[in-house]
Amino acid sequence: MKSSRLTLAAAVTVVAASVSLLAGRSLVFAAQDQAPIPPPPQSQLGAPPPAQHEMPAPTNLKVLPKNLTGAQVHEIMEKWEGELGTSCKTCHAADPKNLGPNGKPRLNFADDSKEDKQTARKMFKMVEEINVNYISKIDSSGAPVTCGTCHRGHLGPEPFTAPEHDHAH
């Protein structure tokens, strides 16, 4: 019975892959039969590319290495945003004296006035300590601990409730 289930699963997988492949090829052939896409209007040809996100050299780094570039810090911050389910303004204060092109205040990344920024620094130190002093000393420990290990997309980690087990042995 186990053998027939494996055979059935393999057959279903092959059929699904074949259907997907054929559907994809059909879309390619159908797209080739379509009329060519007209060029953009002349007014769009000289249009400047979308504005790049400005990433100046970081200042006031206290727990991250001081030799990181703006792009490297930005990449780290984006990862933390995802792992914590938050945005830049959680830790960084707006600077009413520095307005962006949209008229809204830009964030002052060097400012230390927000408590969440202080908490993030403490948490970063804790994660680094766990990885250096504990995880790295366990053979085959797997991936290092990250903000997402506990937070899983929430600014405050969701409480964990262990499932109840029947301990009757």
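On a predicted model such as this, the values are computed, not experimentally measured, just so you know.

Peer 1: Honestly, the overall build of the protein in this entry has me stumped. Any pointers?
Peer 2: From N to C terminus, the protein includes five helices and two strands. Reading the helices (α) and strands (β) of the protein from amino to carboxyl end gives α-α-α-β-β-α-α. Sorting the 169 residues of the protein into buried and exposed places 14% on the buried side. Of the accessible surface of the protein, which amounts to about 13,800 Å², a share of 62% is contributed by carbon and sulfur atoms.

Peer 1: Just checking my understanding: could you explain the side chain of Thr90 for this structure?
Peer 2: Mapped onto the fold, Thr90 is located in the loop between helix 3 (70–84) and strand 1 (93–99). At a separation of 2.2 Å, a polar atom in the side chain of Thr90 contacts the side chain of Thr86. Beyond its immediate sequence surroundings of up to four residues, Thr90 is in contact with Lys114, Asp116 and Leu155.

Peer 1: Is there a simple way to explain helix 3 in this structure?
Peer 2: Counting along an α-helix, one turn takes 3.6 residues, and residues three or four places apart therefore face a common direction. Look at helix 3: 21 Å from first C-alpha to last across 15 residues, which is about the 21 Å you get at 1.5 Å a residue. Regarding helix 3, the residues found buried are Gly70, Val73, Trp80, Glu83 and Leu84. Viewed end-on, helix 3 has its buried residues packed into an arc of 150 degrees, placing them on one side of the element. More than 90 degrees from the buried face of helix 3, the exposed residues found are Glu75 and Gly82. In the core, the buried residues of helix 3 are packed alongside helix 4 (115–133) and helix 5 (147–151). Looking at the residues trailing helix 3, positive phi occurs at Gly85, about 60 degrees.

Peer 1: Is there a simple way to explain the pairing of strand 2 (residues 105–108) in this structure?
Peer 2: Residues in a regular strand project their side chains so that they alternate between the two faces of the sheet. Two elements, strand 1 and strand 2, share four bridges in a ladder whose sense is antiparallel. Along strand 2, the bridge assignment pairs Leu99 with Pro105.

Peer 1: How should I be thinking about the packing of aromatic side chains in this particular structure?
Peer 2: Centre-to-centre distance and the angle between the planes together describe a pair of aromatic rings. With the rule as written, the count across this model stands at one aromatic pair. Between Trp80 and Phe124 the ring centres are 5.5 Å apart and the planes differ by 50 degrees, which places this aromatic pair in the tilted class. One end of the pair, Trp80, is in helix 3; the other, Phe124, is in helix 4, and 44 residues separate them in sequence. Assessed through its relative accessible area of 18%, Trp80 is described here as buried. Take Phe124: its relative accessible area is 16%, and that puts it in the buried class.

Peer 1: What's the story with the nonpolar core in this structure? I'm lost.
Peer 2: Considering soluble globular proteins, one finds that nonpolar side chains tend to be buried as a cluster. Within the largest apolar cluster, eight residues are counted, these being Leu61, Leu64, Leu68, Val73, Trp80, Leu84, Phe124 and Cys147. Of all the elements, helix 3 adds the most residues to this core, at three residues. Those residues in contact with Trp80 that sit more than four places away from it in its chain are Leu64, Phe124 and Cys147.

Peer 1: Looking at this structure, I do not really get the pattern of salt bridges. What am I missing?
Peer 2: A pair can form between side chains of opposite charge whenever their charged atoms are brought close. Inspection of the entire model under this criterion finds three salt bridges. Linking Lys117 and Asp112 is a salt bridge whose minimum nitrogen-to-oxygen distance equals 3.2 Å. Asp112 gets classed as partly exposed once you look at its relative accessible area, which sits at 26%. Three or more residues are tied together by salt bridges with common partners; here these are Lys62, Asp112, Lys117 and Arg121.

Peer 1: Explanation requested: unusual backbone geometry in the structure shown.
Peer 2: Note: most peptide bonds trans; most residues except glycine with negative phi. Phi at Asn60 takes a positive value of approximately 65 degrees, unusual for a residue other than glycine. Here Asn60 shows up in the loop between helix 2 (42–45) and helix 3. Under the relative-accessibility criterion, Asn60 is labelled partly exposed at 29%.

Peer 1: Would you mind showing me how to read the environment of Ile76 here?
Peer 2: Secondary-structure assignment places Ile76 in helix 3. Judged by relative accessible area, Ile76 falls into the partly exposed class, the value being 23%. Separated by twelve residues in the primary sequence, Ile76 and Leu64 place their C-alpha atoms 9.6 Å from one another.

Reading the values: the criteria
- By convention here, each chain's residues receive numbers from 1 onward along its written sequence.
- Where totals are concerned, whole chains, interfaces and linings use all residues; where local detail is concerned, this predicted model gives features only for residues with pLDDT of at least 70, and gives and counts side-chain atom pairs only at 80 or more.
- Values reported for side chains reflect all heavy atoms of the structure, with hydrogen atoms and water molecules removed beforehand.
- Strands are runs of DSSP state E lasting at least two residues, helices are runs of H or I lasting at least four, and both sets are numbered from the N terminus onward.
- Classification of residues uses two cut-offs on accessible area relative to the type maximum, computed with a 1.4 Å probe and protein chains only: under 20% is buried, over 50% is exposed, and between them is partly exposed.
- Here, Shrake-Rupley sampling with a 1.4 Å probe gives the accessible areas, and only protein chains in the shown set may cover a residue.
- We define a polar contact as two N or O atoms separated by no more than 3.5 Å, with the added condition that, inside protein, one atom must be a possible hydrogen donor and the other a possible acceptor, whereas residues neighbouring each other in sequence contribute only through side-chain atom pairs.
- Between two residues, a contact is recorded if the distance between any of their heavy atoms is within 4.5 Å.
- The span you would expect from a helix comes to 1.5 Å times its residue count less one.
- An arc is given here, and it is the one of the directions from the helix axis to the C-beta atoms.
- Strands are labelled as partners when DSSP assigns at least two bridges between them.
- Here a pair means two rings of Phe, Tyr or Trp (six-membered ring of Trp) with centres within 6.5 Å. Their orientation is stacked below 30 degrees between planes, edge-to-face above 60, and tilted elsewhere.
- As used here, the term nonpolar core means buried Ala, Val, Leu, Ile, Met, Phe, Trp, Tyr and Cys residues forming a set that is joined through side-chain atoms within 4.5 Å.
- Put simply, a salt bridge is a Lys or Arg side-chain nitrogen that is within 4 Å of an Asp or Glu carboxyl oxygen.

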